[in-house]
Amino acid sequence: MGAIKGANTMTLIAQNSAKPTINEQIKEKADKINQDLENRYDGGIDESELKDKIDAFESKKTIQGFEQTGELKRDGTADSPASSLLNKILGSGSQVGLTSSASSESPFWSPLIPYSPAIAWTGLAGFLWWLYKAGVYEKLAQNLWGEDGLYYTILEKLGKAKPKVSESSLFLYEKAFKDVRKIARSIITLDNDRFGQEEFLLFAKLQLSFKSGEGDYQGLEYFRQLFVLALAAQRSYISLHQIEMSCQGTKQQTYYDYVHQSLVKGLDPEIFLLDSSQKLAELLPQVKTIAGQERLEAYAHEVERLVNSGEAVDIFHKLDRNNSTGFQALRHITDLIARLDDHSIHDLVLLTRQVMASYDHFEVLGDIIELPEAQRSPDVYARILQSVTLENHYEGAFEQFQRLLQLLKDWYKPFRVLVAIREEHPAEQYRQPQAFEREIPGLTLFQKYKKSLTDEKTGHSYISFEEFTETNRTDPSTRIQNVITLDVIN
């Protein structure tokens, strides 16, 4: 045991004595490397960056650290000037230290690589859409298949090309197209979402039915207007009677008597209004109170409105103060109109039942407007009542709607010219000019209102354009769509 312990001691002493020699040799080699670096980059690198020199031990630690962590650093501490030097030599451009991640950093767009097919397809779709919006496809199609395109150029040389549409026909087509476009602008201006509402369309169909006088509405428009005038006369009668009862001064009573006598005489409205104005100017200063003067002026304004309503004056005479039957009947009907709900107004059957419940009053109305006996029935009164009730809701709107319908009729005339020219030059026999492919302005609105004003069950149209006597001719709006469809197929 003593021998073995002595041997170990001798070995340890030998290693310790040799260690300085080994370290010296390593240091000499490291100094030589550092010196070579200084000589190699003399003048190119700042001296301060070469103060911290790497030796063999530090090199070994750096390599071991790199193998364990993947980072090339010294002693796991912040980068030294030496490592900064190596970063510059290797061209990493890093300012915080030499690491493997710095030298192998991926491009900024690398996260998008998995999505590159989708990005490519999106870009292609966007490009194709841009070509479409720019009209490239249309121009290409015209160059290939248009009337003067490559296809027909080749056929012309072979003597098999279709004939072109004549210049005269194209002139008429362009002229009609300009007229259609001009009228369509006005139609678009008058168009209103309200015109598409169910209740308004019901009212419009009723008004058009009364004006056309077709079927059950034959001859009723005149008496419908008289009913409206009867209601106006009743309102005037109430207003005038209230003023007469509330203001009974001598001068006012003189004016009232003058008005009644003049109305009974049936003077010309212009002459009556002139005489009434002079009479008012004569009596007004003689009325002592301001309230009395205002009442007298209100009475004169109501009389003027009554006279301007035409035949309402004749009905007013029938509502004589000594004859309360007509007045009471009209007041009852006015109250009935005020009580009607939307459901009753829309349902003609329910409305007819309402008329039956108050039929005695409607009989008096028939006498006032002189409705023929053959037409005095609950359903006739119900139709008149339905129209008059809805007219209170849409009086101004229907006037605008009538102007729109008139414009549609004006639009329809040049539109028929377009249809006729298209039909005379079908794609099977003629080259189709680019003018035939343009969308016709106003066609969508025409079809919209034609459909909304046509009864789906019976096919009856409440608005008539030009009638076709030939049984084999369809509606022009349908034919133009058929022609366009054929052009697309061909």
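Keep in mind the model is a prediction, meaning the values are calculated, not measured. (Residues numbered from 1 in each chain as written. Predicted model: local features only at pLDDT ≥ 70, side-chain atom pairs only at ≥ 80, totals over all residues. Heavy atoms only, no water.)

## With respect to the packing of helix α8 (residues 167–190) against helix α19 (residues 378–424)
Note the following rule: To get an axis, fit a line to the C-alpha atoms, keeping to the stretch in contact for a helix; angles then go from 0 to 180 degrees between the N-to-C directions. Numbering of helices and strands starts at the N terminus; helices are DSSP runs of H or I of at least 4 residues and strands are runs of E of at least 2. Our angle categories are set so that under 35 degrees counts as roughly parallel, over 145 as roughly antiparallel, 65 to 115 as roughly perpendicular, and the remainder as oblique. Left-handed describes a crossing whose near helix is turned anticlockwise from the far helix through less than a right angle; right-handed describes the clockwise counterpart. Each residue gets one label: Ala, Val, Leu, Ile, Met, Phe, Trp, Tyr, Cys and Pro are nonpolar, Asp, Glu, Lys and Arg are charged, and the others, such as Gly, are polar.
Following both chains from N to C, one finds α8 and α19 inclined at 160°, their axes separated by 9 Å at the closest point. Overall, the two elements α8 and α19 adopt an arrangement that is roughly antiparallel. The interaxial crossing formed by α8 with α19 has left-handed handedness. Residues of the contact of α8 with α19, tallied by class, amount to 18 nonpolar, three polar and four charged.

## Quick notes on the packing of aromatic side chains
We count it as follows: Each Phe, Tyr or Trp ring (for Trp, its six-membered ring) is paired with any other whose centre lies within 6.5 Å, and the angle between the two planes then decides the class: stacked below 30 degrees, edge-to-face above 60, tilted in between. For every residue, the accessible area obtained with a 1.4 Å probe (protein chains only) is divided by the maximum for its type, and the residue is called buried under 20%, exposed over 50%, and partly exposed between those limits. Geometrically, a lysine NZ or arginine CZ counts as sitting over a ring once it is within 6 Å of the ring centre and also within 35 degrees of the ring normal.
Tallied over the full model, the rule gives 24 aromatic pairs. Consider the rings of Tyr359 and Tyr381, whose centres lie 6.0 Å apart with planes at 70°: the pair is edge-to-face. On the criterion of sequence distance, the pair formed by Tyr359 in helix α18 (residues 359–369) and Tyr381 in helix α19 is long-range, its members being 22 residues apart. Tyr381 sits in the buried class, given a relative accessible area of 2%. Put simply, the rings of Phe195, Phe200, Phe203, Tyr394, Phe398, Phe401 and Tyr449 touch in pairs and so form one group of aromatic residues. Directly above the aromatic system of Tyr258 lies the positively charged group of Lys279, at a separation of 5.9 Å from the ring centroid. Over the ring of Phe177 we find Arg438, and its NZ or CZ is 4.2 Å from the ring centre.

## Observations concerning the nonpolar core
Our working definition: Nonpolar cores were defined as sets of buried Ala, Val, Leu, Ile, Met, Phe, Trp, Tyr and Cys residues, with membership established by side-chain atoms within 4.5 Å. Residue contacts are defined here by distance: any two heavy atoms, one from each residue, within 4.5 Å place the two residues in contact.
Ranked by internal contacts, the top residues of the largest apolar core, which has 98 residues, are Tyr255, Leu385, Phe401 and Trp411. In terms of residues, this core owes the most to one element, α19, which gives 21 residues. Setting aside residues up to four positions removed in sequence, Leu385 forms contacts with Phe227, Ile333, Leu336, Ile337, Leu340, Leu351, Val355 and Phe362.

## Digging into the confidence of the model for the protein chain
Filter applied, for reference: Confidence per residue, as judged by the predictor, is encoded in pLDDT with a range of 0 to 100.
Scored by pLDDT, the protein chain has a mean of 75; 64% of the residues are at 70 or more. Helix α4 (residues 100–103) is the least confidently modelled element of the protein chain, averaging 43 in pLDDT, while α8 averages 95, the highest of any element. Considering only residues more than four positions removed or in separate chains, one finds that residues 85–104, a stretch of pLDDT under 50, has 24 contacts. When the criterion is pLDDT under 50, residues 483–490 qualifies, and its contacts beyond four places in sequence or with other chains add up to nine contacts.

## Comments concerning helix α13 (residues 290–308)
Using the following cut-off: Any helix carries an expected span of 1.5 Å times its number of residues minus one. Taken from the helix axis, the directions to the C-beta atoms give the arc we talk about. Whenever a nitrogen or oxygen atom comes within 3.5 Å of another N or O atom, the pair is scored as a polar contact, on the condition that within protein one atom can donate a hydrogen and the other can accept it, and that pairs from neighbouring residues in sequence are kept only if both atoms are in side chains.
The first and last C-alpha atoms of α13 sit 27 Å apart over 19 residues, in line with the 27 Å expected at 1.5 Å per residue. Restricting attention to buried positions, one finds in α13 the residues Gly292, Leu296, Tyr299, Ala300, Glu302, Val303, Leu306 and Val307. Along the long axis of α13, the arc covered by the buried residues comes to 165°, so they all point the same way. Residues of α13 that are exposed and point over 90 degrees away from its buried face: Ile290, Glu294, His301, Arg305 and Asn308. Tucked into the core, α13 has its buried residues touching α10 (221–246), α11 (250–265), α12 (269–283) and α14 (312–318). The opening residue of α13 is Thr289, an N-cap whose side-chain oxygen sits 3.0 Å from the backbone nitrogen of Gly292. Backbone geometry just after α13 places Gly310 at a positive phi near 75°.

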